[in-house]
Amino acid sequence: MIAVRRLGRDSSLIAWRNLLNLRRTPGSVIAALVQPVMFVLLLAYVFGGSLGGAGYRTFLMGGIFAQAVTFNAAFTALGLAGDMDKGIVDRFRSLPMPAMAVLLGRTLSDLTMSAVTLAVTSLCGLLVGWRIAGSPADALLAYALIMLFAFAMSWVGAAIGLLARSVEVAQSAGLIWLFPVTFVSSAFVSTRTMPGPLRAVAEWNPVSATATAVRQLFGNPPTAGVPAGDAWPVVHALPYAVSCACLITGAFMLLALRRFRRITLG
C-alpha cells in the first residue's frame with residue numbers, strides 16, 4: 001500500500017508539472033482542440049450532404065470522438081520525446097521515484113487534455129445538429145468508454161515517444177500510423193463499401209468498435225447512407241471495445257516501461 005500511495009503521489013506531481021508546462025506551448029494545445037473541430041466541419045458539410053445530411057452529422061460524431069482521442073496519442077509521443085531530448089527524464093530518474101511514475105504522470109496529464117478535447121468536440125457536435133438520444137446513464141458510459149480508449153492510446157503514444165527518442169522522429173512516427181488506423185474503420189463511412197480484406201480489417205479495428213459502441217450508447221443509429229455491418233465486432237461493439245482498450249493499455253504499458261528502463265539504465 002505504501003508503494004501504491006507513493007506511485008500515486010509521484011504520478012500526480014509529474015502530471016501536474018506537465019499540465020503547467022502547457023502554458024509554454026499554447027500552440028500544441030490549440031492544435032489539439034482545433035483539429036477535431038476542423039474534422040467535424042469538413043466531414044459534416046463537405047461529405048455529409050452525399051451521405052445522409054443531418055442524419056450523417058449525427059452518425060459522424062461517434063467516429064469523431066474515437067478519432068480525436070486517437071490523434072492525441074501524438075501529443076503524448078511528442079511530450080515524452082521532448083522530455084527525453086531535453087534531459088528532463090534523466091533528472092526525474094535521479095530522484096527517489098518509481099520509473100512507472102514518470103510514464104503514468106505523462107499519460108494522466110494527456111488524459112486530461114483528451115477530456116478537454118472531448119468537451120470541445122461535444123460542443124461542436126451540438127452546433128452541427130448532433131444530439132444524445134440515449135439515457136443519461138448510457139451517455140455517461142459512452143464518455144467513460146471514450147476516456148478508457150484515450151488512456152489506451154496515450155500508452156501507444158508513450159511507447160512511440162520512447163522508441164523515437166527525438167522530437168523530430170516522434171513527430172513523424174507519431175502521425176504516420178494515425179491516418180490508416182482511423183480512416184480504415186467505420187468511424188466515418190460504412191465498412192460495407194470496402195473490399196473484402198480491407199473490410200475485415202476495418203470491422204475488427206478497435207477504432208471502429210469504439211465508434212460503434214459510442215453511437216449505440218448515445219442512441220445515434222446508422223443511416224441509409226452508412227449502413228451498419230453484421231460482423232461480430234459490430235454486433236458486440238461494447239464488450240469488444242472495452243476488451244481492446246484494456247489489452248492495448250496492458251501491452252503498451254509493459255512495452256513503454258521496459259523501453260524506459262532500458263534507456264535510463266544505459
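Right above here is the structure, for reference.
In this report, the structure presented in the accompanying data block is examined. (Residues numbered from 1 in each chain as written. Predicted model: local features only at pLDDT ≥ 70, side-chain atom pairs only at ≥ 80, totals over all residues. Heavy atoms only, no water.)

## What to know about the overall build of the chain
Thought 1: Scanning the chain for helices and strands turns up twelve helices and zero strands.
Thought 2: Ordered by position from N to C terminus, the α and β elements of the chain give α-α-α-α-α-α-α-α-α-α-α-α.
Thought 3: The C-alpha atoms of the chain give 19 Å as radius of gyration, which agrees with the globular expectation for 266 residues (18 Å, within 12%).
Thought 4: Overall, the C-alpha framework of the chain stretches about 60 × 35 × 35 Å when taken along its three principal axes.
Thought 5: The 266 residues of the chain split such that 50% are buried.
Thought 6: Looking at the chain as shown, the accessible area adds up to about 12300 Å², and 70% of this sits on carbon and sulfur atoms.
Thought 7: Positive and negative side-chain charges of the chain, numbering 20 and 9 respectively, have mean locations separated by a distance of 5 Å. (Helix = DSSP H or I, 4+ residues; strand = E, 2+ residues; numbered from the N terminus. Rg over C-alpha atoms; globule rule 2.2 N^0.38 Å. Buried < 20%, exposed > 50% of the residue type's maximum accessible area, 1.4 Å probe, protein only. Areas by Shrake-Rupley, 256 points an atom, 1.4 Å probe, with all protein chains shown as cover. Lys, Arg positive; Asp, Glu negative; His and termini not counted. Charge placed at Lys NZ, Arg CZ, Asp CG, Glu CD.)

## Some thoughts on the nonpolar core
Thought 1: In terms of nonpolar packing, the biggest core is built from 70 residues, with I64, F65, L103, M153, W155 and L162 touching the most fellow members.
Thought 2: At the level of secondary structure, the elements contributing two or more residues to this core comprise α2 (26-51), α3 (54-86), α4 (88-93), α5 (99-127), α6 (136-164), α10 (206-218) and α12 (237-264).
Thought 3: Sort the elements by how many residues they give to this core and α6 lands first, with 15 residues.
Thought 4: Setting aside chain neighbours within four positions, we find W155 in contact with M100, L103, L104, T107, T249, F252, M253 and A256. (Core = buried A, V, L, I, M, F, W, Y, C linked by side-chain atoms within 4.5 Å. Contact = heavy atoms within 4.5 Å.)

## Remarks on the packing of α3 against α6
Thought 1: Axis separation between α3 and α6 bottoms out at 7 Å; the angle between their running directions is 35°. Crossing handedness for the pair α3 and α6: right-handed. On α6, the residues touching F65, A66, V69, T70, A73, T76, A77, L80, A81 and M84 of α3 are I146, F149, A150, M153, S154, G157, A158, I160, G161 and L162.
Thought 2: Taken together, the residues of the contact of α3 with α6 break down into 15 nonpolar, five polar and no charged. (Axes fitted to C-alpha atoms, helices over the stretch in contact; angles between N-to-C directions. Left-handed = near helix turned anticlockwise from the far one by under 90°. Nonpolar A, V, L, I, M, F, W, Y, C, P; charged D, E, K, R; others polar.)

## Structural notes on the environment of E203
Thought 1: Its place among the elements puts E203 in helix α9 (residues 196-204).
Thought 2: Judged by relative accessible area, E203 falls into the buried class, the value being 11%.
Thought 3: Separated by 27 residues in sequence, E203 and D230 have C-alpha atoms that sit 9.3 Å apart.

## With respect to the side chain of T212
Thought 1: Note on placement: T212 falls in helix α10.
Thought 2: Judged by its relative accessible area of 13%, T212 falls in the buried class.
Thought 3: A distance of 2.8 Å separates the side chain of T212 from the backbone oxygen of S208, its partner in a polar contact.
Thought 4: Sequence-distant contacts of T212, defined by excluding residues within four places in its chain, comprise S186, V234 and A237. (Polar contact = N/O pair within 3.5 Å; in protein donor to acceptor, adjacent residues only side chain to side chain.)

## Examining the packing of α5 against α12
Thought 1: One can describe the packing of α5 onto α12 by two numbers: an axis separation of 10 Å at closest approach and a directional angle of 125°. Taken together, the axes of α5 and α12 lie oblique to each other. The two elements α5 and α12 meet at a crossing, and its hand is right-handed. Contacts from A99, M100, V102 and L103 of α5 reach α12 at M253, A256, L257, F260 and R261. (Parallel < 35°, antiparallel > 145°, perpendicular 65-115°, else oblique.)

## A word on the side chain of T249
Thought 1: By the secondary structure assignment, T249 is in helix α12.
Thought 2: There is a polar contact of 2.7 Å between the side chain of T249 and the backbone oxygen of A245.
Thought 3: Every residue in contact with T249, bar those within four places of it in the chain, is listed here: F151, A152 and W155.

## Overview of the environment of L19
Thought 1: Take L19: it is sitting in helix α1 (residues 2-21).
Thought 2: L19 sits in the partly exposed class, given a relative accessible area of 23%.
Thought 3: When the C-alpha atoms of L19 and L163 are compared, they prove to be 23 Å apart, with 144 residues separating the residues in sequence.

## Remarks on a nonpolar patch on the surface
Thought 1: Residues I30, V34, M38, L42, V46 and F47 make up a contiguous nonpolar surface patch of about 560 Å² in total accessible area.
Thought 2: Its place among the elements puts V46 in helix α2. (Patch = residues over 30% accessible without salt bridge, like charges linked within 9 Å, V, L, I, M, F, W, Y side chains within 5 Å. Salt bridge = Lys/Arg side-chain N within 4 Å of Asp/Glu carboxyl O.)

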